[in-house]
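# An overview of the molecular structure
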Amino acid sequence: MCVTAVESRPAGVALTPSPGGHRPFGARVKAFVALTKPRIIELLLITTVPVMFLAAQGVPDLWLVLTTTIGGYLSAGGANALNMYIDRDIDALMDRTSQRPLVTGMVSPRECLAFGIGLGVFSTLWFGLLVNWLSAALALGALLFYVVVYTMLLKRRTSQNIVWGGIAGCMPVLIGWSAVTNTVSWAAVILFAVIFFWTPPHYWPLSMKVKDDYARVGVPMLPVVASNRVVAKQIVLYSWVMVAISLLLTPLGYTGWFYTAVALLSGGAWLWEAHGLQNRAKAGVTGAKLKEMRLFHWSITYVSLLFLAVAVDPFLR
């Protein structure tokens, strides 16, 4: 769930505000929005709202959808801002993160820290007072897991960082379900597992593309410490488990024919792409011909289609 941004200036050379320290108000607003990583949050919301339709077996209360969506954005935005605060040292050295607000100087570290903590506290109260306290606890847990467990403990220490750190990205599924029912069911757990096994094969292709960036700053993403062949094999293994788990909803009675058809077709297309990447890696293909980003882009389409089917299926049963 990342956006690659590369510019021509040398890595590690931070941009500075205009002479005299002037930072235009509009640019500052955009910088604070950028701290929340809105394009990543779009994917989180794609997994939250459809689950609310499944939990309600129809159209959920629209006010509840709105408050849950706002709360989810604020909570995830706070986590992302704190992630940028902690990673500001390596962000300045990586091409793909060289335009982030702390690197350019548009936002100071102190401002970023206060902003992230403020969003975290406000979003927890928002969930608790306007949705329910179970959803508030899940959202706070996701924020703390992403910031403390992933960013502070795992990211710079193990190649399994994205595997376990991805748990934070699975939490919106549980939040969406609990917002409607104030409980967590097996359907939510299954979809949680789908996102858990989706995250590594979604992110590893991007990591293959920008592995030099990660190597430069000593972050041991799997493609940095393992060959393309090993990474592609792991992608295929996780992909098969992901598709298999996605098909459990129907035999357990949570979904019907429409979801099953979408899961089979989109999952089949995913496996085709994953095996294609593995075959190219086995053949020793490198560079642009490896086409690793094809799977990365398809992974976003896949999760969008699957969760759209989650939302539509209740109306066709």
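One structure accompanies this document, and this report is about it. (Residues numbered from 1 in each chain as written. Predicted model: local features only at pLDDT ≥ 70, side-chain atom pairs only at ≥ 80, totals over all residues. Heavy atoms only, no water.)

## Some remarks on the overall build of the protein
Formally: Working definition: helices are DSSP H or I runs of at least four residues, strands are E runs of at least two. Numbering for both runs from the N terminus. The globule rule used here is 2.2 Å times the number of residues to the 0.38 power, and the radius of gyration it is set against is calculated over C-alpha atoms. Classification of residues uses two cut-offs on accessible area relative to the type maximum, computed with a 1.4 Å probe and protein chains only: under 20% is buried, over 50% is exposed, and between them is partly exposed. The contact rule is simple, with two residues in contact once any of their heavy atoms fall within 4.5 Å.
Looking only at helices and strands, the protein features 15 helices and zero strands. Here the C-alpha radius of gyration of the protein, 20 Å, is about what a compact globule of 317 residues would show, namely 20 Å. Based on the C-alpha atoms only, the size of the protein along its principal axes is roughly 65 × 55 × 30 Å. When each of the 317 residues of the protein is scored for burial, the buried share is 53%. The long-range share in the protein, meaning contacts at least 24 apart out of those at least 6 apart in sequence, stands at 77%.

## Details of a nonpolar patch on the surface
Rule in force here: To count toward a patch, a residue needs a relative accessible area above 30% and no salt bridge. Like charges then connect within 9 Å, nonpolar side chains (Val, Leu, Ile, Met, Phe, Trp, Tyr) within 5 Å. We get accessible surface area from the Shrake-Rupley algorithm with a probe of 1.4 Å; when it comes to residues, only the shown protein chains can shield them. A pair is scored as a salt bridge if a Lys or Arg side-chain nitrogen falls within 4 Å of a carboxyl oxygen belonging to Asp or Glu.
Together, Trp63, Leu66, Ile70, Ile117, Val121, Leu125, Leu129, Leu130 and Trp133 give the surface a local cluster of nonpolar side chains, amounting to about 910 Å² of exposed area. The set of elements that each furnish at least two residues to the nonpolar patch consists of helix 3 (62-86) and helix 6 (109-130). With five residues, the single largest contributor to the nonpolar patch is helix 6. Within the element layout of this structure, Trp133 appears in helix 7 (residues 133-154).

## Some details on the side chain of Thr48
Among the secondary structure elements, Thr48 is positioned in helix 2 (residues 38-56). The exposure class assigned to Thr48 is buried, which follows from its relative accessible area of 6%. Ignoring sequence-local partners within four residues, the contact set of Thr48 consists of Thr68, Pro172 and Gly176.

## Regarding helix 15 (residues 292-312)
Keep this limit in mind: By this rule the span expected of a helix is its residue count minus one, scaled by 1.5 Å.
An ideal rise of 1.5 Å per residue puts 30 Å on 21 residues; helix 15 measures up with 31 Å between its terminal C-alpha atoms. Buried within helix 15 we find Glu292, Met293, Leu295, Phe296, Ser299, Tyr302, Val303, Leu306, Phe307, Ala309, Val310 and Ala311. Contacts made by the buried residues of helix 15 are with helix 2, helix 9 (167-181), helix 10 (186-209), helix 13 (228-246) and helix 14 (257-282).

## Some details on the nonpolar core
Definition in use: What makes a nonpolar core is a set of buried Ala, Val, Leu, Ile, Met, Phe, Trp, Tyr and Cys residues whose side-chain atoms join them at distances within 4.5 Å.
Core analysis: the biggest nonpolar cluster contains 80 residues, and Leu191, Trp204, Ile235, Tyr259, Trp270 and Phe307 have the highest contact counts within it. With eight residues, the next largest nonpolar core counts Ala31, Ala81, Val107 and Cys112 among its residues.

## Examining the pattern of salt bridges
Enumeration according to the criterion identifies eight salt bridges in this entry. Asp91 is paired through a salt bridge with Arg100; the nearest N and O atoms lie 3.2 Å apart. The burial state of Asp91 is the same as that of Arg100; both residues are buried. For the salt bridge of Arg294 with Glu273, the shortest nitrogen-to-oxygen distance reads 2.9 Å. Of this pair, Arg294 sits in helix 15 while Glu273 sits in helix 14, and the two are 21 residues apart along the sequence. Given a relative accessible area of 39%, Arg294 falls into the partly exposed group. Linked by salt bridges that have partners in common, Asp87, Asp89, Lys155 and Arg156 make up one network.

## Some thoughts on helix 14
The terminal C-alpha atoms of helix 14 lie 37 Å apart, and with 26 residues this matches the ideal 38 Å at 1.5 Å per residue to within 8%. Looking one or two residues past helix 14, Gly284 carries a phi angle of roughly 80°, positive in sign.

## A look at the packing of helix 1 (residues 25-35) against helix 6
Selection criterion: The axes used here are C-alpha line fits, helices contributing only the stretch in contact, and every angle between their N-to-C directions lies in the interval 0 to 180 degrees. Angles are sorted into four bins: roughly parallel if under 35 degrees, roughly antiparallel if over 145, roughly perpendicular if 65 to 115, and oblique for all others. Rotating anticlockwise by less than a right angle from the far helix to the near helix defines a left-handed crossing, while the corresponding clockwise rotation defines a right-handed one. Three classes are used: nonpolar for Ala, Val, Leu, Ile, Met, Phe, Trp, Tyr, Cys and Pro, charged for Asp, Glu, Lys and Arg, and polar for all others, with Gly counted as polar.
Two elements in contact, helix 1 and helix 6, have axes separated by 11 Å at closest approach and are oriented at 55°. Our classification of the angle between helix 1 and helix 6 gives oblique. The two elements helix 1 and helix 6 cross, and the hand of that crossing is right-handed. Judged by residue contacts, Arg28, Phe32 and Leu35 of helix 1 engage Glu111, Cys112 and Phe115 from helix 6. Of the residues in the contact of helix 1 with helix 6, the class split is four nonpolar, no polar and two charged.

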